[in-house]
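Structural overview
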Amino acid sequence: QVQLSEYGGTLVQPGESLRLSCNASGSIAIFYGMAWYRQMPGKRRELVATITQTGLTSYMRSVKGRFTISKDNAGNTLYLEMNNLKEEDTAVYYCNGGTDTYGLGDDSGIWGQGTQVTVSS
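Attention here is on the structure that accompanies the text.

Rules behind the numbers
- Numbers given for residues are sequential positions, taken from 1 along each chain in its written order.
- It should be noted that, the model being predicted, local features are given only for residues of pLDDT at least 70 and side-chain atom pairs only at 80 or more, the latter also being counted only at that level, while totals for whole chains, interfaces and linings use all residues.
- As a convention, hydrogens and water are excluded, and side-chain values are obtained from all of the structure's heavy atoms.
- Our working definition of a disulfide is a cysteine sulfur pair at a distance within 2.5 Å.
- Every helix listed is a DSSP run of H or I at least four residues long, and every strand listed is a run of E at least two residues long, numbered separately from the N terminus.
- In this scheme, a residue with accessible area under 20% of its type's maximum is buried, one over 50% is exposed, and one in between is partly exposed, where area comes from a 1.4 Å probe on protein chains only.
- Stacked, tilted and edge-to-face pairs are distinguished by plane angle, under 30 degrees for stacked and over 60 for edge-to-face with tilted covering the rest, among Phe, Tyr and Trp rings (Trp via its six-membered ring) whose centres lie within 6.5 Å.
- Over a ring means this: the NZ of a Lys or the CZ of an Arg is within 6 Å of the ring centre and within 35 degrees of the ring normal.
- Within this document, salt bridges are pairs made up of a side-chain nitrogen of Lys or Arg and a carboxyl oxygen of Asp or Glu, the two lying within 4 Å of each other.

Here's the deal with the state of the cysteines
If you walk through the whole model with that rule in mind, you get one disulfide. Shown here is the disulfide that connects C22 with C95, its sulfur atoms set 2.0 Å apart. Judged by the sign of its S-S torsion, about 55°, the bond between C22 and C95 is right-handed. Taken together, the residues C22 in strand 3 (residues 18-24) and C95 in strand 9 (residues 91-98) connect sequence positions 73 residues apart. Each member of the pair, C22 as well as C95, carries the same accessibility label: buried.

Given below as structure tokens:
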């Protein structure tokens, strides 16, 4: 089974940029779509951005225009470029792949371990 691992989370100041990476242990072509989710302390996990196999993207309203999801099929990597970061973006960010067995967001699906992003002055 393909495994996912996120990298790139760190402490940044408001207004700064950060890029998260999600490396897959195998081909990401098995996913009909991939996504970034985030979870803030004491809150439910929320969907940040999605990308289909053909590259169509969608974003949650609060990050639209600031975040960009992309993928490198050859490198089996998913990215999340985050610009103009705000304190409310502080969360653990997870990548997820959707398959025929487990759709995007399914707790039983394929998830990374998460990477912490902290935005603070």
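Focus on the packing of aromatic side chains
Scanning all chains against the criterion turns up one aromatic pair. Over the ring of Y37 we find R45, and its NZ or CZ is 5.5 Å from the ring centre.

A short note on the pattern of salt bridges
A side chain of one charge can pair with a side chain of the opposite charge if their charged atoms are brought near each other. This model, assessed by the stated rule, comprises four salt bridges. Among the ionic pairs, R38 bridges to E46, the shortest N-O distance being 2.7 Å. Given the relative accessible area of 3%, R38 is considered buried. For D89, the salt bridge goes to R38, with nearest N and O atoms at 3.0 Å. You can see D89 sitting in the loop between strand 8 (77-82) and strand 9 and its partner R38 sitting in strand 4 (residues 33-39), a full 51 residues away along the chain. Owing to a relative accessible area of 1%, D89 belongs among the buried residues under this scheme. Put simply, R38, E46, R66 and D89 are held in one network by salt bridges that share partners.

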